[in-house]
Amino acid sequence: ISDKWTGYNLDVFTLPNHYAEDLDCVFIPHGVIVDRIERLANDIMKDIGDNHITVLCVLKGGYKFCADLVEQIKNLSRNSERFISMRVDFIRLRSYCNDKSTEDLQIIGGEDLSKLTGKDVIGTGRTMKALLSHLEGYSPKMVKVASNGGDE
């Protein structure tokens, strides 16, 4: 979506009344998001082969996206000839102090990131580069990034 995209007119959607005063347009319809999550889950299933997967969800903004993606991967695994073992962990990232960005990345949660030796999927926002650099220290076999757009 380009920066100049003005979105879809609200007249083409059925919206709850309580949103009427708050919305000017719809940028990405729900069906498009669902379709993209399904495609990502299919791509992940193809890429991981017979390996297990660790999903590292960056809270708070990535929660809904991550939950939907994990559910779709589970559905694909249940309906395929191979079962994919999956573990989900949650972290929060902090790179701000008093509303100012700092160079330091603080990771809260995910106490044992050393288990990230399998193939991993990460949903996150603006601190992706710092997080990836940090994760490289654990020597994962593969890191795949799936993002809901985040703050970048």
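Scope of this entry: the structure provided in the associated data block. (Residues numbered from 1 in each chain as written. Predicted model: local features only at pLDDT ≥ 70, side-chain atom pairs only at ≥ 80, totals over all residues. Heavy atoms only, no water.)

**Brief notes about the pattern of salt bridges**
How we decide: Within this document, salt bridges are pairs made up of a side-chain nitrogen of Lys or Arg and a carboxyl oxygen of Asp or Glu, the two lying within 4 Å of each other. Secondary structure follows DSSP: runs of H or I at least 4 residues long count as helices, runs of E at least 2 residues long count as strands, and numbering of each begins at the N terminus. The classification of residues rests on relative accessible area computed with a 1.4 Å probe and restricted to protein chains. Under 20% of the type maximum is buried, over 50% is exposed, and intermediate values are partly exposed.
In this structure the tally under the stated criterion is three salt bridges. In this structure, the salt-bridge partner of Asp 68 is Lys 64, at a minimum N-O distance of 3.0 Å. Residue Asp 68 and its partner Lys 64 are both found in helix α2 (residues 63–78); the two are separated by four residues, about one turn of the helix. A relative accessible area of 27% places Asp 68 in the partly exposed class. Arg 78 is the partner of Glu 71 in a salt bridge, and the nearest nitrogen-oxygen pair spans 3.5 Å.

**Digging into the side chain of Ser 77**
Rules: In what follows, a contact means two residues having at least one pair of non-hydrogen atoms within 4.5 Å.
You can see Ser 77 is positioned in helix α2. Since its relative accessible area comes to 6%, Ser 77 is described here as buried. The contact partners of Ser 77, leaving out residues within four places of it in the chain, are Met 45, Arg 82, Phe 83 and Ile 84.

**Some words on the packing of helix α1 (residues 30–48) against α2**
Spelled out, the test is: Axis definition: a line fitted to C-alpha atoms, over the contacting stretch in the case of helices. Angles run 0 to 180 degrees between N-to-C directions. Here is the rule for angles: anything less than 35 degrees is roughly parallel, anything more than 145 is roughly antiparallel, 65 through 115 is roughly perpendicular, and the remaining ranges are oblique. In this scheme the handedness of a crossing depends on how the near helix is turned from the far one: anticlockwise by less than a right angle means left-handed, clockwise means right-handed. Note on residue classes: Ala, Val, Leu, Ile, Met, Phe, Trp, Tyr, Cys and Pro are nonpolar, Asp, Glu, Lys and Arg are charged, and everything else, Gly too, is polar.
Taken N-terminus to C-terminus, the directions of α1 and α2 make an angle of 55°; their axes are 9 Å apart at the nearest point. Considered as vectors, α1 and α2 are oriented oblique to each other. Here α1 runs over α2; the crossing is right-handed. Residues Ile 37, Glu 38, Leu 40, Ala 41, Asn 42, Ile 44 and Met 45 of α1 form the contact with α2, whose own contacting residues are Phe 65, Asp 68, Leu 69, Gln 72, Ile 73, Leu 76 and Ser 77. Split by residue class, the contact of α1 with α2 holds nine nonpolar, three polar and two charged.

**Overview of the state of the cysteines**
Using the following cut-off: Disulfide: a pair of cysteine sulfur atoms within 2.5 Å of each other.
One pass over the full model with this rule turns up zero disulfides. Considering cysteine sulfurs only, Cys 57 is the nearest to Cys 66, which forms no disulfide, with 3.7 Å between them.

**Some thoughts on a nonpolar patch on the surface**
As a reminder, the rule being used: Patch membership requires over 30% relative accessible area and the absence of a salt bridge. Like charges are linked within 9 Å, and nonpolar side chains (Val, Leu, Ile, Met, Phe, Trp, Tyr) within 5 Å. Only the protein chains shown count as cover for residues, and the accessible areas themselves come from Shrake-Rupley with a 1.4 Å probe.
A cluster of nonpolar side chains, namely Ile 1, Trp 5, Tyr 8, Val 12, Phe 27, Ile 28, Val 32 and Ile 33, defines an oily patch on the protein surface of about 770 Å² accessible area. Tracing the backbone through its elements, the reader meets Val 12 in the segment before α1. Accessibility expressed as a relative area gives 58% for Val 12, which makes it exposed.

**Brief notes about the environment of Asp 89**
The residue Asp 89 is located in strand β2 (residues 86–97) in this model. Counting along the chain gives 32 residues from Asp 89 to Cys 57, while the straight-line C-alpha distance between them is 6.2 Å.

**Points about the packing of aromatic side chains**
Note the following rule: Here is the rule: rings of Phe, Tyr and Trp (six-membered ring for Trp) pair when centre to centre is within 6.5 Å. Planes less than 30 degrees apart are stacked, more than 60 are edge-to-face, and the remainder are tilted.
Summed over all chains, the structure comprises two aromatic pairs. Relative to Tyr 8, the ring of Trp 5 has its centre 5.2 Å away and its plane inclined at 80°; by these criteria the two rings are edge-to-face. Taking the relative accessible area as the measure of exposure, Trp 5 reaches 32% and is therefore partly exposed. When the ring of Tyr 8 is compared with that of Phe 13, the centres are 6.1 Å apart and the planes differ by 80°; the resulting orientation is edge-to-face.

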